[in-house]
Amino acid sequence: MKLRELLRQPGVAMPALLLAMILLLAIVGPWFAPQPFDAIDFEADWGRGPSWAHPFGTDELGRDLFARVCVGGRLSLAVGLVSTLVALVIGIAWGAVAGYLGGRIDALMMRIVDILYALPFMFFVILLMVLFGRHWLLIFVAIGAVNWLDMARIVRGQTLALRRREFIDAAVIAGLGPAAIIRQHIVPNLIGVVIVCATLSIPQAILVESFLSFLGLGIQEPATSWGALVNDGARAMEVTPWGLIFPAGFLGLTLLCFNQLGDALREAFDGGALRRTRG
Amino acid sequence: MLSYAGRRLLTAVPTLFVLIALSFFLMHLAPGGPFDSERSLPPEIEARLAAEFHLDEPLWRQFGRYLGGLLHGDLGPSFQYEGQTVSGLIASGAPVSAAIGAAAMLLALSGGVALGAIAAMRPGSRLDRGLMLIALTGLSVPSYVVAPLLILIFALSLAWLPAGGWDGGIAAAVLPSIALALPQLAAIARLTRGALAEALDAPWIRTARAKGLPEHLIVLRHALKPALLPVLSYLGPAAAGLMTGSVVVEQVFGIPGIGRYFVQGALNRDYTLVLGVVLFYGALVIVFNFIVDLAYGALDPRVRLA
Amino acid sequence: MAALPLSGTTADVHSTHLTIGNGPEPESLDPQKATSVSAGNVLRDLYEGLTGLSPSGELIPAAAESWTWSADGRELRLQLREGLCWSNGDPLLAEHYVAGLQHLLDPATNSGYASLFAAIEHGAEITAGRRPASDLGVMADDARSLRIRLDRPLASLPGLLAHPAASPLHPADRLAKPGNVRIGNGAYRLVEWAPQSRIVLARNPLYWNAVATTIERVQFIPTEDLNSELKRYRAGEFDITSTVPAAQAKWIREQLGSELHVATYLGSYFYGYNLTQPPFKAQPKLRLALSMVVDRELIVDKVLHGLATPAWSLVPPGISNYSAQRPAWAALPRAQQLAEARRLYAEAGYSMEHPVEVEIRYNTSDDNKRLAVVIAAMWKQALGVRVKLVNEEWKVFLQHRRSRVVTQAFRNTWIGDVDDASGFVELFGTQHPRNDSGYAEPAYDQVLQAAAEQTDPQQRRAALEAAERRLLEDAPILPIYFYASKHLVKPQVEGWQDNLLDWHYTKDLHLRAH
């Protein structure tokens with residue numbers, strides 16, 4: 001399916017457009033902010049509501065909230081995208097190999113996935129963050145390492161189905177090895193599933209990051225994320241409600257769009273044959 | 001059937017072993033120890049404490065010691081809470097977590113299936129879209145925002161319910177259960193709606209409709225059972241989600257459950273307490289998945305547990 | 001507010017029940033072992049020391065009705081009240097206090113407070129395991145008289161004896177397993193301890209002054225999340241909170257102003273400089289320059305919302321027999337401070353164009369974070385300093401701070417245990433285990449030594465003050481603020497008075513019917 005066709009599917013264009021706008025704002029927004037996201041205006045009153053000078057108000061340390069929401073968005077979106085990429089790479093490789101090779105290897109690989117599934121993974125992420133400090137790279141990898149299991153299961157299922165198709169037989173007869181077949185024939189045919197999975201796993205990753213922020217294990221100040229901002233805002237929601245409303249609005253809208261987009265794409269690709277699995 | 005259960009049990013053993021080994025070494029690799037504090041103890045006292053808890057032995061010996069204790073059902077003493085055993089702490093916290101978790105699960109299931117069914121009856125209608133949008137929103141708002149909001153509304157403004165704490169009463173469980181249930185409720189509503197809408201499109205349903213059966217009877221008698229299968233398979237992840245969520249909810253509401261023990265234990269390097277909680281949760285997830293599989297077999301004749 | 005139909009434990013159902021938000025769950029209720037503030041709050045109700053504090057914080061007789069020092073200041077004699085007994089009715093004897101102190105210093109107890117009493121004769125050797133605990137220089141001459149002999153002068157001993165760590169030990173509890181709750185002698189006795197849930201005490205009718213206690217029952221509820229505690233207080237579930245979240249101070253002042261109690265607390269919050277590593281090694285001018293550009297008044301006003309006192313020194317104000325020190329530059333107008341700081345910064349070899357790079361290391365907490373962000377911005381604005389914030393989880397942070405390898409500037413605090421300045425200045429003795437800056441100055445150690453051996457209060461005071469002045473000149477630390485104790489107290493709670501140690505005994509409180 002071409003991109004243009006895809007965008008014409010019902011329910012795809014709207015969330016995609018919104019997401020593009022949010023992404024654009026996160027990237028260019030800080031250039032239009034009245035002050036850098038980490039600058040403090042010592043003269044001004046701190047924790048003021050929205051005004052012309054500060055469209056989203058200022059936080060409890062007098063920093064411009066608009067700039068912080070934009071910069072936080074960069075991080076949250078990056079966490080979502082990169083950790084999903086990590087999950088994709090591991091999940092596709094694992095699932096495709098297991099599904100294509102089948103037999104004992106498949107059984108073993110899937111048993112490992114089963115075992116990992118039964119681990120309370122969120123707890124490992126917490127332990128990892130405690131252990132290695134809060135490097136942003138680690139946040140990506142840790143969350144990706146949690147999310148690849150779903151991906152591996154779905155990819156394996158699809159690969160099993162693909163393997164019975166004629167073009168795979170043809171490739172085998174043509175003398176291609178398993179690695180080449182997986183690379184050239186299996187993976188390209190997984191693209192639809194993968195796009196759907198990825199779209200649905202991005203909001204998961206963003207939520208996990210915000211959960212870590214709640215526990216105080218998130219990104220290092222003065223850098224910030226939507227999760228960290230929402231968490232700060234939730235503490236003082238009665239006193240400075242704008243501190244919660246703006247970041248929570250962006251966080252919620254983004255997650256909403258990704259979920260909506262994922263649903264719509266799934267419909268578009270195969271009318272709902274893919275079962276949604278979430279963890 | 002019995003042999004199936006037996007084999008499942010056998011795979012549970014390596015699963016739990018991996019779980020314990022990973023958590024054990026991760027915990028012990030983390031910098032800092034259980035007895036570090038602001039006031040730093042004199043070195044001789046520190047050495048004596050380390051010896052008392054065998055922390056001066058090589059790591060593999062400590063691991064062996066821990067496994068040996070486990071075989072006798074001994075989870076060891078807590079480092080942080082003087083004179084308390086981990087089993088005792090879990091025994092006091094688990095019923096509280098379980099009560100709130102079970103209430104949340106019940107709420108998520110009944111509420112989710114009901115909302116999903118209502119939405120699926122008229123796919124594409126305004127009601128359907130509205131409900132699904134609400135469900136998506138429920139999925140998109142973190143529980144550490146929902147929980148304080150609930151407190152503000154129901155405890156402070158309306159003064160209907162307590163703002164936190166735990167006395168074993170129903171009132172104290174209401175808000176935490178709701179906060180815990182909401183994301184799962186939303187997920188289940190979406191699943192039910194999707195599966196039911198699909199089932200209602202199936203040929204045998206069309207036959208039933210042609211016979212003139214009222215729509216709610218069609219849903220209840222014919223469509224709901226097959227539509228519940230994906231919901232059922234979601235219960236495992238839902239249980240895991242509830243456990244993770246309990247960490248937040250127990251902290252915000254000040255509830256003496258084991259989710260709080262986990263975070264406190266990890267931060268205080270209370271090795272045994274963390275291991276105990278992880279093991280407990282791991283075992284729970286395994287048992288839960290097993291029950292779900294059994295139920296799956298009972299509901300879907302195509303699935304054979306062999 | 002009406003009683004809730006579904007809940008059975010709201011605080012205001014019975015007017016003689018008090019419910020207190022108590023911070024983190026106490027790690028133990030063994031008075032000789034527990035070191036947390038939250039355990040201390042409970043233990044002060046469960047046990048009574050030889051001495052005590054009045055509601056306003058003055059030293060008063062408690063189990064001992066009087067005491068006298070020997071002429072050389074090496075022996076304290078105490079006389080117990082007549083007819084004292086334990087909460088189970090057994091007579092309370094002087095030897096039980098001896099047993100308590102022996103238990104405290106016994107190495108098998110592993111007490112974190114043993115060092116507080118190390119000056120008692122043979123105390124240090126006992127804790128080091130070189131002598132049996134029975135050698136301790138604390139003797140019961142008869143059922144009601146007690147003598148405490150000292151290895152070196154310890155003027156603060158009567159105050160120290162009010163500390164829960166000096167509680168008596170019932171003979172039946174000598175062999176009790178650790179963690180078991182023991183028999184007490186305080187105004188209250190333990191009824192229930194449900195971990196993470198509540199600790200319930202009831203009035204002890206056998207307490208010598210039981211006629212004066214009016215509150216029948218006290219509940220201590222663990223509260224880890226400050227915002228949740230505040231909400232529960234507002235919902236009427238607590239009568240007293242353990243603290244208040246600084247970020248909401250402004251709102252609290254407006255809404256609950258009369259219920260907010262803020263008082264100077266015996267604690268100091270400062271940044272330490274690591275003197276053993278660059279960039280602060282052998283750079284006193286750089287250290288002073290960074291200290292001068294920090295606007296403490298702004299921090300206390302805007303970041304802490306008045307819930308603290310600005311600090312230019314280490315020892316908090318209000319300590320008996322000590323006057324607060326202040327470096328001369330602290331009195332200069334802000335513009336002059338900045339100019340002076342820039343001069344020192346330049347002499348240290350840095351400038352706006354070639355700024356120093358500094359890491360601020362702090363442990364995870366909201367207040368630490370906000371403070372580090374603001375101080376980094378102040379340094380950057382005034383001197384162009386390039387700052388990297390490093391937020392570490394508590395145990396990791398403790399290890400880094402202690403090992404003095406990766407730290408540069410780091411968050412540090414000290415909370416005093418008694419109304420005395422020596423605990424603060426001794427922190428920077430070369431050998432002190434908590435000398436995280438690695439300050440090693442023989443002249444400073446000598447002054448400390450002289451102060452420790454001095455029995456004349458005036459001369460001791462002069463020596464301690466000289467030590468602190470020396471410390472502030474060398475600037476191994478950057479003082480920021482002095483802590484304030486901060487509580488919300490419902491108007492119906494009477495008898496609450498703010499005091500320096502933030503000690504409050506339930507026996508001194510009363511509930512007004514409403």
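For every chain, the first residue of the written sequence is number 1, and numbering continues from 1 along that sequence. Naming scheme: in the order in which they are written, chains are lettered from A and ligands are numbered from 1. Totals for whole chains, interfaces and linings use all residues, but because this is a predicted model, local features are given only for residues with pLDDT of at least 70 and pairs of side-chain atoms are given and counted only at 80 or more. Hydrogens are left out, water is left out, and the side-chain values use all remaining heavy atoms of the structure.

### Concerning the overall build of chain B
Short version of the rule: Put simply, DSSP marks the helices as runs of H or I at least four residues long and the strands as runs of E at least two long, and each gets a number from the N terminus on. Any pair of residues with heavy atoms lying within 4.5 Å of one another is described as a contacting pair. Using the Shrake-Rupley algorithm and a 1.4 Å probe, accessible areas are obtained, with residue cover drawn only from the displayed protein chains. His is not counted, nor are the chain ends, whereas Lys and Arg count as positive and Asp and Glu as negative. Note that the charge is assigned to NZ on lysines, CZ on arginines, CG on aspartates and CD on glutamates.
Along its length, chain B carries eleven helices and zero strands. Listed N to C, the secondary structure of chain B is α-α-α-α-α-α-α-α-α-α-α in terms of helices and strands. Along the first, second and third principal axes, the C-alpha set of chain B runs to 85 × 55 × 30 Å. By sequence separation, contacts in chain B at least 24 residues apart represent 72% of the contacts at least 6 residues apart. Total accessible area computed for chain B in this model is approximately 13,000 Å², and 69% of it derives from carbon and sulfur atoms. Taking the average location of the 20 positive side-chain charges in chain B and that of its 18 negative ones, the two points are 19 Å from each other.

### Some thoughts on the overall build of chain A
Put simply, the rule is: The classification of residues rests on relative accessible area computed with a 1.4 Å probe and restricted to protein chains. Under 20% of the type maximum is buried, over 50% is exposed, and intermediate values are partly exposed.
Helix and strand content of chain A: eleven helices and zero strands. When the helices and strands of chain A are listed from N to C terminus, the series reads α-α-α-α-α-α-α-α-α-α-α. Its C-alpha atoms put chain A at 75 × 45 × 25 Å along the principal axes. By residue count, 56% of the 279 residues in chain A fall in the buried class. Total accessible area computed for chain A in this model is approximately 11,900 Å², and 67% of it derives from carbon and sulfur atoms. Taking the average location of the 21 positive side-chain charges in chain A and that of its 20 negative ones, the two points are 13 Å from each other.

### Here's the deal with the packing of aromatic side chains
All names here are of chain A. Convention followed: Ring geometry is summarised as follows: Phe, Tyr and Trp rings, the Trp one being its six-membered ring, pair when their centres sit within 6.5 Å, and such pairs are stacked at plane angles under 30 degrees, edge-to-face over 60 and tilted between the two.
Evaluated as defined, the whole model comprises 28 aromatic pairs over all chains. Between F56 and F250, the aromatic rings sit 6.1 Å apart at their centres with planes inclined by 40°, giving tilted as the arrangement. Taken together, the residues F56 in the loop between α2 (13-32) and α3 (65-101) and F250 in helix α11 (residues 242-270) connect sequence positions 194 residues apart. Here F56 matches F250 in class, with each residue buried.

### Topic: the interface of chain B and chain A
To keep it simple, the criterion reads: Here's the idea: put two parts together, see how much 1.4 Å probe accessible area each one loses, and the total over both is what we call buried area. When a carboxyl oxygen of Asp or Glu lies within 4 Å of a side-chain nitrogen of Lys or Arg, that pair is called a salt bridge.
Taken together, the contact between chain B and chain A spans 47 residues of the former and 37 residues of the latter. In total, chain B and chain A occlude about 3,600 Å² of area from one another, counting both sides; carbon and sulfur atoms represent 79% of this. When the buried area of chain B at its contact with chain A is split by residue, L26, S140 and Y144 of chain B rank highest and sum to 17% of it. Here chain B and chain A share zero salt bridges between them.

### Digging into the confidence of the model for chain B
Going by this rule: pLDDT measures how confident the predictor is about each residue, on a scale from 0 to 100.
Across chain B, the average pLDDT comes to 82, with 97% of residues at or above 70. ipTM for the predicted complex: 0.80, alongside a pTM of 0.85.

### Brief notes about the pattern of salt bridges
Residue and element names in this part refer to chain C. Taken as a whole, this structure holds 41 salt bridges over all chains when the rule is applied. Note that R131 is salt-bridged to E125, the shortest N-O span being 3.3 Å. Assessed through its relative accessible area of 30%, R131 is described here as partly exposed. Between R361 and E392 there is a salt bridge, and its shortest N-O distance comes to 2.4 Å. Of this pair, R361 sits in strand β13 (residues 357-363) while E392 sits in strand β14 (residues 386-392), placing them 31 residues apart in sequence. Comparing R361 with E392, the two get one shared label, buried. Through salt bridges with shared partners, one network takes in E75, R77, E121, D141, R147 and R149.

### Description of the interface of chain B and chain C
One frequently used descriptor of interface size is the decrease in accessible area upon assembly of the parts. Using the following cut-off: For the purposes of these results, a polar contact is taken to be a pair of N or O atoms within 3.5 Å, where, inside protein, one atom must be able to donate a hydrogen and its partner to accept one; residues adjacent in sequence count only when each atom of the pair is a side-chain atom.
Taken together, the contacts link 47 residues of chain B with 49 residues of chain C. When chain B packs against chain C, close to 4,000 Å² is buried across both sides, 51% of that on carbon and sulfur atoms. Applying the counting criterion to the chain B and chain C interface returns two salt bridges. A salt bridge links R269 of chain B to E393 of chain C, with the shortest nitrogen-to-oxygen separation between them at 2.8 Å. The interface formed by chain B and chain C holds eleven residue pairs in polar contact (both at pLDDT 80 or more) in total. Elements supplying a minimum of two residues to the side of chain B that touches chain C: α2 (43-52), α6 (143-157), α9 (215-253) and α10 (258-268) of chain B. Counting residues per element, the side of chain B that touches chain C draws most heavily on α2 of chain B, which supplies six residues.

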